[in-house]
Amino acid sequence: MDLNVIVLGPAGSGKSLLTENFLVYLRDRGYSSVAVNLDTASPPRYEAFRDIRDYVKTEEVMDRFQLGINGALLKSMEIAGSYVDRLAVSGYDFVLYDTPGQLELFLFSDFGIELIERLEGFTAGLFIVDSSRIKDAARFSAMVSQSATISLMLEIPSLTVFNKVDLHVPQSIEKYRSDLENEGVLGEFFECLLRFIEVTSMVYRPVLISARNGYGFDDLFSALNELFCACGDLS
Ligand code: GTP
């Protein structure tokens, strides 16, 4: 089976650590699994089966085109567009794609969409949220609504994955809703936003994990299972 998992999320949310440790988790359970690094700016800590940096390195793009870091990141994605065929992997149970630090580089570039179009089998997104940054309902809503943008832009189902729960466990949607009940116009606004989140990003249940210690990996695997194969089990 070809199950492609696109690991997406804001800078520092834990995409690379999840890729590294979930890869080990999958292999330990007997699934043939590989990881592909799509971040042109930094080398992966894990052994990447394919590495975008073999074709384009952001630091070299900065030098060659005399660009600052943001321009170079965008240019790197443009150049990477020529190598989509080499980066799309098939023939494994799971292929984990670790995307660039800045979510928008993958989300709003032709590269991201072209890569996904090129993949064989099932493809799903994991939108990684840094739970330690969710201090209130406003930040929860802002973070999680990005998951809806992913499904919309990339046309793939995506799971919202709350990472770093060893540091902080986010509250439930119901709790955020009750926190804002008596907040007037602001409360109404958040009520609409939360409802939007429930029918878009939370179509598939959210998953709580720690990429650091592996907490929740069984649940993540089950949630992927539900997503990929509504008719049965992956094993
Ligand atoms: P960029 O691609 O560089 O933007 O980051 P990333 O999203 O790949 O995050 P990365 O895996 O590099 O993790 C960022 C930092 O968070 C690192 O210091 C990780 O060790 C730490 N981190 C990631 N996941 C967890 C977690 O579950 N718990 C804790 N405590 N730290 C974590």
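Residues numbered from 1 in each chain as written. Predicted model: local features only at pLDDT ≥ 70, side-chain atom pairs only at ≥ 80, totals over all residues. Heavy atoms only, no water.

Draft legend 1. Here's a closer look at the overall build of the protein. Scanning the protein from N- to C-terminus turns up ten helices and seven strands. By the compact-globule yardstick of 18 Å for 235 residues, the protein fits well, its C-alpha radius of gyration being 18 Å. Counting only C-alpha atoms and orienting by the principal axes, one finds that the protein spans roughly 55 × 45 × 30 Å. Across the 235 residues of the protein, 49% fall into the buried class. Sequence separation of at least 24 residues holds for 72% of the intrachain contacts in the protein that already meet a minimum separation of 6. (Helix = DSSP H or I, 4+ residues; strand = E, 2+ residues; numbered from the N terminus. Rg over C-alpha atoms; globule rule 2.2 N^0.38 Å. Buried < 20%, exposed > 50% of the residue type's maximum accessible area, 1.4 Å probe, protein only. Contact = heavy atoms within 4.5 Å.)

Draft legend 2. Structural detail: the confidence of the model for the protein. Per-residue pLDDT for the protein has a mean of 89; in total, 94% of the residues score no lower than 70. Here the predicted complex carries an ipTM of 0.98, next to a pTM of 0.92. (pLDDT = per-residue confidence, 0-100.)

Draft legend 3. Highlighting the packing of helix 1 (residues 15-28) against helix 10 (residues 217-228). For the pair helix 1 and helix 10, interaxial distance at closest approach is 11 Å and the crossing angle is 80°. Regarding the angle of helix 1 to helix 10, the classification is roughly perpendicular. Where helix 1 approaches helix 10, its residues Leu18, Asn21, Phe22, Tyr25 and Leu26 are matched on the opposing element by Phe217, Asp218, Leu220, Phe221 and Leu224. Split into classes, the residues belonging to the contact of helix 1 with helix 10 amount to eight nonpolar, one polar and one charged. (Axes fitted to C-alpha atoms, helices over the stretch in contact; angles between N-to-C directions. Parallel < 35°, antiparallel > 145°, perpendicular 65-115°, else oblique. Nonpolar A, V, L, I, M, F, W, Y, C, P; charged D, E, K, R; others polar.)

Draft legend 4. Broad picture of the sheet that holds strand 7 (residues 207-208). Here we have seven strands laid out as an open sheet, ordered 3-2-4-1-5-6-7, and parallel in their pairing. Because the sheet does not close on itself, it has two edges, and the strands there are strand 3 (50-51) and strand 7. Where strand 1 (residues 3-8) meets strand 4 (residues 94-98), five bridges bridge the pair, whose relative direction is parallel. Each residue of the ladder has a partner; that of Val7, found in strand 4, is Asp98. Against the sheet, helix 1 engages strand 1, strand 2 (33-37), strand 4 and strand 5 (122-130), with an angle of about 170° to strand 4. (Pairing = 2+ DSSP bridges.)

Draft legend 5. Region of interest: the side chain of Arg53. Along the polypeptide, Arg53 turns up in the loop between strand 3 and helix 2 (58-65). Among the polar contacts made by the side chain of Arg53, one reaches the side chain of Glu59 at a distance of 2.8 Å. Not counting residues within four places of it along the chain, the set of residues in contact with Arg53 comprises Asn37, Asp39, Thr40, Ala41, Ser42, Pro43, Thr58 and Glu59. (Polar contact = N/O pair within 3.5 Å; in protein donor to acceptor, adjacent residues only side chain to side chain.)

Draft legend 6. Structural view of the site of the ligand. The environment of the ligand is made up of 18 residues, and the closest members are Lys15, Ser16, Leu17, Asp166 and Arg212. When isolated, the ligand has an accessible area of 640 Å², and the protein chains bury 77% of it. For the shell around the ligand, the leading source of residues is helix 1, giving three residues. Residue composition of the shell around the ligand, by class: five nonpolar, seven polar and six charged. (Near = heavy atom within 4 Å. Areas by Shrake-Rupley, 256 points an atom, 1.4 Å probe, with all protein chains shown as cover.)

Draft legend 7. Spatial organisation of helix 7 (residues 137-154). For helix 7, spanning 18 residues, the distance from its first C-alpha to its last is 26 Å, which sits close to the expected 26 Å at 1.5 Å a residue. Every buried residue belonging to helix 7 is among Ala137, Phe140, Ser141, Met143, Val144, Ser145, Ser147, Ala148, Ile150 and Leu154, and all of these are buried. The backbone nitrogen of Arg139 lies 2.9 Å from a side-chain oxygen of the residue at the head of helix 7, namely Asp136. Phi turns positive, to about 55°, at Glu155, one or two residues after helix 7. (Expected span 1.5 Å × (residues − 1).)

Draft legend 8. View of helix 1. An ideal rise of 1.5 Å per residue puts 20 Å on 14 residues; helix 1 measures up with 20 Å between its terminal C-alpha atoms. Residues Lys15, Leu18, Thr19, Phe22, Leu23, Tyr25 and Leu26 constitute the buried set of helix 1. The buried residues of helix 1 occupy an angular sector of 165° when the element is viewed end-on, so they sit on one face. Positioned one or two residues after helix 1, Gly30 has a phi angle of 90°, which is positive. (Arc of directions from axis to C-beta.)

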